[in-house]
Amino acid sequence: MNNATAAVCALQLPTQPMSESRLDYYFRICADEGARLVVLGEYMLNSFFKELELMPKSLIKEQSERKKHALAAMAQKYNLEILAPLVLPKGKGFVKVAARFSPASSRFYEQQILMPYPHWNEAKFFANKAEGELNLPVFSYEKFKIGVMFGFEAHFDAAWAYMAHKKVDAIVVPTACTFFSESRWEELLKTRAFTNNVYVLRVNRVGNHKAASGEQWSFYGDSMLISPFGEVVSRLGKNEEMMVAKLEKTELAQARHLWGFSQILHKRLG
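Residues numbered from 1 in each chain as written. Predicted model: local features only at pLDDT ≥ 70, side-chain atom pairs only at ≥ 80, totals over all residues. Heavy atoms only, no water.

## Some remarks on the side chain of Ser227
Topologically, Ser227 is positioned in the loop between strand 14 (224-226) and strand 15 (232-235). A residue is classified by how much of its surface remains accessible, and Ser227, at 0% relative accessible area, is buried. Beyond its immediate stretch of four places on either side in the chain, Ser227 contacts Ala193, Val198, Tyr199, Val233 and Glu251. (Helix = DSSP H or I, 4+ residues; strand = E, 2+ residues; numbered from the N terminus. Buried < 20%, exposed > 50% of the residue type's maximum accessible area, 1.4 Å probe, protein only. Contact = heavy atoms within 4.5 Å.)

Next up, the structure:
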């Protein structure tokens, strides 16, 4: 039986300052731990969305360009693949992307489905393409196929069907979750991990945002690795922390052999 394993490092942080020293500190530890793939949550490199709405465009561009060049340099310095949500300029506006930095190159994947709500309207603010077929990021890491979907995209059946079609082994979900939604997110992702027999690594941010109304938005962390059996095997608390999670081919094979959901469906559909 294939017993390949791979380590993944999840960084649970607030929005980082212009200085790269804190990120450099964590990337060095991840590399020392043998985790060549490092994942950050949403709005860790850029200011939180509600703050971006009020910021001058020039400042957003400066923030993004600085972080983009810094992460590309650190991926090369520590021989890492770094996966992180990032805001990039496009035309007269901005797009929200999943940035993947490797020692040799950088790639940027636009988020496919954006939040449209009055209190958090990313769909209106960002210039991401809003039509057409889904084209979510999928790449190889060690001997595993990794898929990426943003937190909001994880609510949609079509995103999970896309990953099933691509036969991924693990799905990384960067989030910026708040409003006491811990239980809902845990149940959602545990169910998806189990019914798809894949690992799910949810990486959430921490920190606070004070709304114009005076209300405090608290980002509660609770980053977690969920097994292909739908069980939480490792999780973080509510503070700035990091986690080195392990993916195992044997566990994937056991879950898929025991439950066989994808095989049953393919047989049913012919």
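That shown, we press on.
## What to know about the environment of Ser102
Structurally, Ser102 can be placed in the loop between strand 4 (93-101) and strand 5 (106-110). Taking the C-alpha atoms as reference points, Ser102 and Ile82, separated by 20 residues in sequence, lie 6.5 Å from one another. Each residue touching Ser102, except ones within four places of it in the same chain, is listed here: Ala75, Leu80 and Glu81.

## Some remarks on the sheet that holds strand 8 (residues 138-141)
Pairing is mixed in the open sheet, where six strands are placed in the order 8-9-10-11-14-15. Taken across any chain shown, the strands that pair with only one partner, and hence form the sheet edges, are strand 8 and strand 15. Along the sheet, successive strands turn relative to each other by an average axial angle of 20°, direction set aside. Strand direction decides the pairing type here: strand 9 (residues 144-148) and strand 10 (residues 170-175), joined by three bridges, are parallel. (Pairing = 2+ DSSP bridges. Axes fitted to C-alpha atoms, helices over the stretch in contact; angles between N-to-C directions.)

## Side note on the packing of helix 5 (residues 157-165) against helix 6 (residues 182-196)
The N-to-C vectors of helix 5 and helix 6 enclose an angle of 35°; their axes lie 11 Å apart at closest approach. Helix 5 and helix 6 meet at a crossing whose hand is right-handed. Contacts between helix 5 and helix 6 pair Asp157, Trp160 and Ala164 from the former with Leu189, Arg192 and Asn196 from the latter. Taken together, the residues of the contact of helix 5 with helix 6 break down into three nonpolar, one polar and two charged. (Left-handed = near helix turned anticlockwise from the far one by under 90°. Nonpolar A, V, L, I, M, F, W, Y, C, P; charged D, E, K, R; others polar.)

## Some words on the environment of Pro116
Tracing the backbone shows Pro116 in strand 6 (residues 116-117). Leave out the neighbours within four places in its chain, and Pro116 touches Asn121, Ala123 and Phe152.

## Things to note about the environment of Arg22
Considering the arrangement of structural elements, one finds Arg22 in helix 1 (residues 21-32). Apart from residues lying up to four places away in sequence, Arg22 is in contact with Gln16 and Glu240.

## Points about the UniProt feature "domain: CN hydrolase" (unreviewed entry) in the chain
In this numbering, the UniProt entry assigns the feature "domain: CN hydrolase" (unreviewed entry) to residues 4-249. The straight-line gap between the two end C-alpha atoms of residues 4-249 is 5 Å; of that span, 27% is helix and 35% is strand. (UniProt positions renumbered as here; feature names shortened; annotations may be inferred.)

## Thoughts on the state of the cysteines
Tallying each qualifying case throughout the model produces one disulfide. Cys9 shares a disulfide with Cys30; S-S distance 2.2 Å. Note on the Cys9 and Cys30 pair: the S-S dihedral is about -45°, so by sign convention the disulfide is left-handed. Here the residue Cys9 occupies a position in strand 1 (residues 5-12), and Cys30 occupies one in helix 1, the gap between them amounting to 21 residues. Residue Cys9 is classed as buried on the basis of its relative accessible area, which comes to 0%. Note on Cys30: relative accessible area 0%, which makes it buried. (Disulfide = S-S within 2.5 Å.)

## Quick word on helix 3 (residues 57-78)
With 22 residues, helix 3 ought to run about 32 Å at 1.5 Å a step, and its terminal C-alpha atoms sit 32 Å apart, in line with that. Every buried residue of helix 3 is accounted for by Ile60, Gln63, Ser64, Lys67, Ala70, Leu71, Met74, Ala75 and Tyr78. Projected down its long axis, helix 3 carries its buried residues within an arc of 140°, all on one side. Seen from the buried face of helix 3, the exposed residues on the opposite side, beyond 90 degrees, are Ser58, His69, Gln76 and Lys77. Immediately downstream of helix 3, the backbone of Asn79 shows phi near 55°, a positive value. (Expected span 1.5 Å × (residues − 1). Arc of directions from axis to C-beta.)

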